[in-house]
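This is what each chain is made of:
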Amino acid sequence: MPMAPPPDFETLTIADIARLAEGDRLPPVERWHPTHCGDSDMRIARDGTWYHQGSPIGRQAMVRAFSRILRREPDGGYVLVTPVEKLDIAVEDAPFVAVEMKAEGEGRDATLAFRLNTGDLVTASAEHPLRFVERDDGPHPYLHVRGGLEALVARAVYYDLADRALAGDDESPGVWSAGAFFPLLP
């Protein structure tokens, strides 16, 4: 059964996003423990591009299907897992990229929702926190997606977050979403 294309993020309200995210049933990869079968010969580049045998995977539906069976292992590695096989996959930074943000409300009443490069929708909250890592090349913001999997927040989206943080009247710069505060500085 083919997956329906994701809805247009621009037309969704935060309530629509919450409803869609709640109704999105993912495979129970955390309950599957097959024998390790080897390497998938796949990697996810820092920009979110998925590759197989060195070539980009051009079909978005395939990327979305693979992303739904992705799991983070206790040792920090990544695997594609089904009930009968488990294959390693290389991830350069984070397996997802948050490419769009929608904000409703201000200050403590704000809610921030994100669309990932895979079409998934995630609302920043205590369950899906934002974190900011300072590196030599500047800040790297991440959004927790599920089961130890994170999305690197795209640079343009980060600038929107920084604008919101600097416009706030909190003691330290940060953003609020769904009742949780996420400081920009570690």
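Relevant structure appears above.
Residues numbered from 1 in each chain as written. Predicted model: local features only at pLDDT ≥ 70, side-chain atom pairs only at ≥ 80, totals over all residues. Heavy atoms only, no water.

Chemist: I'd like to hear about the pairing of strand β7 (residues 96–104), residue by residue, with values.
Modeler: Across three bridges, β7 lies against strand β12 (residues 149–153) in parallel orientation. Each bridged residue has a counterpart across the sheet, and for A98 the counterpart in β12 is V153. Pairing analysis gives six bridges linking β7 to strand β8 (residues 111–116), with the strands arranged antiparallel. Within the sheet, the bridge partner assigned to A103 lies in β8 and is L112. The loop that links β7 with its antiparallel partner β8 comprises six residues; one of these, G105, has a positive phi angle of about 85°. (Pairing = 2+ DSSP bridges. Helix = DSSP H or I, 4+ residues; strand = E, 2+ residues; numbered from the N terminus.)

Chemist: Can you tell me about the packing of aromatic side chains, naming the residues and giving the values?
Modeler: Using the criterion set out here, one finds four aromatic pairs in the structure. Judged by centre distance (6.3 Å) and plane angle (55°), the rings of F132 and Y158 are tilted. With a gap of 26 residues between them, F132 in strand β10 (residues 130–135) and Y158 in helix α3 (residues 155–167) connect regions that are remote in the sequence. This pair shows no difference in class: F132 is buried, exactly as Y158 is. Aromatic pair W176 and F181: ring centres 5.1 Å apart, planes at 55°, arrangement tilted. On the basis of relative accessibility, which here comes to 13%, the residue W176 falls in the buried class. Classification of F181 by relative accessible area gives partly exposed; the value is 28%. The structure contains a cluster of three or more aromatic residues connected by ring pairs, namely F132, Y158 and Y159. Above the plane of the ring of Y51 lies R43, whose end atom (NZ or CZ) is 4.1 Å from the centre. (Phe/Tyr/Trp six-rings, centres within 6.5 Å; stacked < 30°, edge-to-face > 60°. Buried < 20%, exposed > 50% of the residue type's maximum accessible area, 1.4 Å probe, protein only. Lys NZ or Arg CZ within 6 Å of the ring centre and 35° of its normal.)

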